[in-house]
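Listed below, chain by chain, are the residues.
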Amino acid sequence: MNKKIRIAGIIGAVIASVIILSLPSNPIVMPAPTTNSTGTKYVEIVATNLQKPWAMDFADDRIFFTEKVGRIRVIDSGILLEEPLANLHVADVTDGGLLGLTLHPDFVNNHFLYVFYTYEGDKLWNKVIRITESENKLSDATVILDKIPGAEFDNGGVIKFGPDGKLYIATGDATDEHAAQDLQSLSGKILRLNDDGTIPSDNPFHNSVFSYGHRNPQGMAWDKSGNLYVTEHGPTKNDEINLVKAGQNFGWPDQECSGDKNFVNSLVCYNPSLEPAGLVFYSSDKLDLENDLIMASLRGTNLYKLTIDDGIITSQQSILGGAGRIRDVNEGPDGYLYILTGNTDGRGFPDKTDDKLIRIVK
Ligand SMILES: [Ca+2]
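If you're wondering where the values come from, they're calculated on a predicted model, not measured in any experiment.

A.B. asks: Would you explain the sheet that holds strand β20 (residues 292–297) in this entry?
C.D. replies: By definition, the strands of a sheet pair up through backbone hydrogen bonds, in either a parallel or an antiparallel sense. If you walk across this open sheet you meet the four strands as β19-β20-β21-β22, and the pairing is antiparallel. The sheet is open, and its two borders are formed by β19 (276–281) and β22 (312–321), each paired with just one other strand. Ignoring strand direction, the axes of neighbouring strands in this sheet form an average angle of 25°. Both strand β21 (residues 302–309) and β22 contribute to a ladder of eight bridges, which runs antiparallel. Each residue of the ladder has a partner; that of D309, found in β22, is I312.

Structure, rendered in structure tokens:
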């Protein structure tokens, strides 16, 4: 599989394609996605000059996304609003700050959006809060889960609602690796909560833990059969994609990827590391990627499609390179793919207009 990993050397090489640009007024020429499907591919730059963007979600004609520095931003009808929805007081640490964001499945009626962020109290912690939005502003906020251990590195931070309507929270080990095996600790887990923060009665350990033995999860997605896939960073190599079921132990720190029968093996193991990040199951038919998993990668600097067959990943192929590090990917209500680049996160080589939100329109 590593043979198929294509580190993007495309910048400056393939800049011949016709580019559709709606916003902003200064177009940036992007290389065409390297999708192998028929037709010419196009990308649109939706927003530029974002500061460490991390996660995004959609409602009606709006895109909500986080910037690690603490801002929740809104793109309304294609226009990036200057005024953030909220400006949270977050910790300024390498792998922390304002991370995950997800909208309630019934957002159109209740205007609930959830965010995960790192903050400094007596020490570093993470918490998930629920914000009530009104006219692109915060009108109320309530704590859903607090005192998730935090650290300079490995905070995890992905939050998403599953097809069961429950809120899933992916936490890192926060550099306390043995906490990942401790069912009483919130570190190194996939947690599962009701939308109000209470614990579902059918959780496997009668607490918030859904699965454990995770190191630093960075992406979550469910396929149409309800299988949950999670991307995860290894210590220096051995990044993983896992198929996660209730009650399972994924081995960290005693196992990386596979090899110990006491733990669940990863579906995919990346050695060398490509830093898999945001993940989405593509359900639309607008792009020739229907029923594929789409995975962002930071160090790998590509967007990949992963073909899945009943919980097994059967192939991996790059569908876009040349944008640098890619932090998140999601499918919009218009059926197209959106990505957030991650070039300003301190480990990349940002250009003058990074970071960007890009729409892949084929
Ligand atoms: Ca593992």
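A.B. asks: How should I be thinking about the sheet that holds strand β9 (residues 124–134) in this particular structure?
C.D. replies: The strand order across the open sheet formed by four strands is β7-β8-β9-β10, and the pairing between neighbours is antiparallel. What marks the edges here is a single partner per strand, and that holds for β7 (98–103) and β10 (137–149). Neighbouring strand axes in the sheet, compared pairwise and without regard to direction, differ in orientation by 20° on average. Inspection of the sheet shows strand β8 (residues 112–120) paired to β9 by nine bridges, in the antiparallel sense. Its bridge partner being in β9, L113 is matched across the sheet by I131.

A.B. asks: Can you walk me through the pairing of strand β1 (residues 43–47) in this structure?
C.D. replies: It is a general feature of regular strands that their side chains alternate between the two faces of the sheet. For β1, the buried fraction is high: four of the five residues fall into the buried class. In terms of strand pairing, β1 meets strand β25 (residues 357–360) through four bridges, oriented antiparallel. Among the inter-strand pairings, I45 is bridged to a residue of β25, identified as I358.

Conventions used here
Residues numbered from 1 in each chain as written. Predicted model: local features only at pLDDT ≥ 70, side-chain atom pairs only at ≥ 80, totals over all residues. Pairing = 2+ DSSP bridges. Helix = DSSP H or I, 4+ residues; strand = E, 2+ residues; numbered from the N terminus. Axes fitted to C-alpha atoms, helices over the stretch in contact; angles between N-to-C directions. Buried ≥ 20, exposed ≤ 12 C-beta atoms within 10 Å, placed from the backbone.

The values reported here are purely geometric and, on their own, carry no functional implication.
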